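Listed here are the chains, written in short residue letters.
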Amino acid sequence: MFQEIRFYGIDDPFFDSLVIQSNIYDEELERYIQHKRLIAPKPVFLYRNDSSTGAGQIFAETAIEAINYFEGKNIYDKDSNNDMKYIWNRLHYEKDFNIDTVGAVLALKKKELQERAFKKQEEKYHTIFDYSRHNLLKVYNGFNDIAEKYATVTEKYYKAFEEYNGH
């Protein structure tokens, strides 16, 4: 969380605004289709229905996958525009929901680590017991080189907070 908040970029509000504009466009288009609006809305330049948002910088699609995994059933559908919009709005506007969802994402990412290890798809994850903090922090951000750097940085923060809190 500290890393996500600390590196909140100037592009984050831009992408969030594109999602908001795209959601408004979708609503207005639906009103037009239902003949509740006379003139068709203008399409949004760079239309998008998802962006990383909130304190945990979570994508709605990732949140849906994580919530469904955490709850053990399919509550939301990432292919549903309504579900994507609902979850994205909660992530964006509800800080507690966003922070709680970080835990669900970490649980999902741990499961993904286990699956990768089990399938031996990557040499680095050759054992099913490789759930190190470093690897978990890495997969929160992905599986590429940028994610590796992310894990290195966030692990240093983790250790600093651990020392500060006397653990």
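Figured I'd write up the structure that's included with this text. (Residues numbered from 1 in each chain as written. Predicted model: local features only at pLDDT ≥ 70, side-chain atom pairs only at ≥ 80, totals over all residues. Heavy atoms only, no water.)

**Regarding the overall build of the protein chain**
From N to C terminus, the protein chain includes seven helices and zero strands. Reading the protein chain from its N end, one meets helices and strands in the order α-α-α-α-α-α-α. Split into buried and exposed, the 167 residues of the protein chain put 35% on the buried side. Here the analysis covers contacts within the protein chain between residues at least 6 apart in sequence; of these, 54% occur between residues at least 24 apart. Both charge centroids of the protein chain, one from 23 positive and one from 28 negative side chains, sit 1 Å from each other. (Helix = DSSP H or I, 4+ residues; strand = E, 2+ residues; numbered from the N terminus. Buried < 20%, exposed > 50% of the residue type's maximum accessible area, 1.4 Å probe, protein only. Contact = heavy atoms within 4.5 Å. Lys, Arg positive; Asp, Glu negative; His and termini not counted. Charge placed at Lys NZ, Arg CZ, Asp CG, Glu CD.)

**Here's the deal with the pattern of salt bridges**
Oppositely charged side chains can pair when the atoms bearing their charge come close. Evaluation of the coordinates by the stated rule reveals 10 salt bridges. Glutamate 28 is paired through a salt bridge with arginine 31; the nearest N and O atoms lie 3.2 Å apart. Taken together, the residues span about one helical turn, with glutamate 28 and arginine 31 both in helix α2 (residues 11-33) at a distance of three residues. For arginine 31, a relative accessible area of 36% puts it in the partly exposed group. Each of Glu28, Arg31 and Arg37 takes part in salt bridges that share partners, so that together they form one network. (Salt bridge = Lys/Arg side-chain N within 4 Å of Asp/Glu carboxyl O.)

**Comments concerning the packing of aromatic side chains**
All told, the structure shown has six aromatic pairs when counted by the stated rule. Look at phenylalanine 2 and phenylalanine 161: their rings are 5.3 Å apart centre to centre, the planes differ by 85°, and that puts the pair in the edge-to-face class. Taken together, the positions of phenylalanine 2 in helix α1 (residues 2-6) and phenylalanine 161 in helix α7 (residues 145-164) put the pair 159 residues apart, joining distant regions of the chain. You can call phenylalanine 2 partly exposed: its relative accessible area is 40%. (Phe/Tyr/Trp six-rings, centres within 6.5 Å; stacked < 30°, edge-to-face > 60°.)

**Re the packing of helix α6 (residues 133-141) against α7**
Contact pair α6 / α7: the axes reach a minimum separation of 8 Å and the direction vectors enclose 125°. Classified by the angle their axes make, α6 and α7 are oblique. Two packed elements cross with a definite hand, and for α6 against α7 that hand is right-handed. Contacts between α6 and α7 pair Arg133, His134, Leu137, Lys138, Tyr140 and Asn141 from the former with Ile146, Ala147, Glu148, Tyr150, Ala151, Thr152, Thr154, Glu155, Tyr158, Lys159 and Glu162 from the latter. Here the contact of α6 with α7 is composed, by residue class, of seven nonpolar, four polar and six charged. (Axes fitted to C-alpha atoms, helices over the stretch in contact; angles between N-to-C directions. Parallel < 35°, antiparallel > 145°, perpendicular 65-115°, else oblique. Left-handed = near helix turned anticlockwise from the far one by under 90°. Nonpolar A, V, L, I, M, F, W, Y, C, P; charged D, E, K, R; others polar.)

**Thoughts on helix α3 (residues 60-71)**
Spanning 12 residues, α3 covers 16 Å between terminal C-alpha atoms, matching the ideal 16 Å at 1.5 Å per step. For α3, every residue scored as buried is listed here: Ala60, Ala63, Ile64, Ala66, Ile67 and Asn68. Phi for glycine 72, located one or two positions after α3, is positive at around 75°. (Expected span 1.5 Å × (residues − 1).)

**Some thoughts on the side chain of asparagine 68**
Structurally, the position occupied by asparagine 68 is in helix α3. With a relative accessible area of 10%, asparagine 68 lands in the buried category. A polar atom in the side chain of asparagine 68 sits 2.7 Å from the backbone oxygen of tyrosine 76. Residues within four places of asparagine 68 in sequence aside, it is in contact with Lys73, Asn74, Ile75 and Tyr76. (Polar contact = N/O pair within 3.5 Å; in protein donor to acceptor, adjacent residues only side chain to side chain.)

**Remarks on the packing of α3 against helix α4 (residues 81-93)**
At a minimum axis distance of 9 Å, the contact between α3 and α4 shows a crossing angle of 95°. Accordingly, the angle class assigned to the pair α3 and α4 is roughly perpendicular. Between α3, through Ala60, Glu61, Ala63, Ile64 and Ile67, and α4, the contact on the second element is made entirely by Asp83, Met84, Ile87, Trp88 and Leu91. Of the residues contributing to the contact of α3 with α4, the split by class is eight nonpolar, no polar and two charged.

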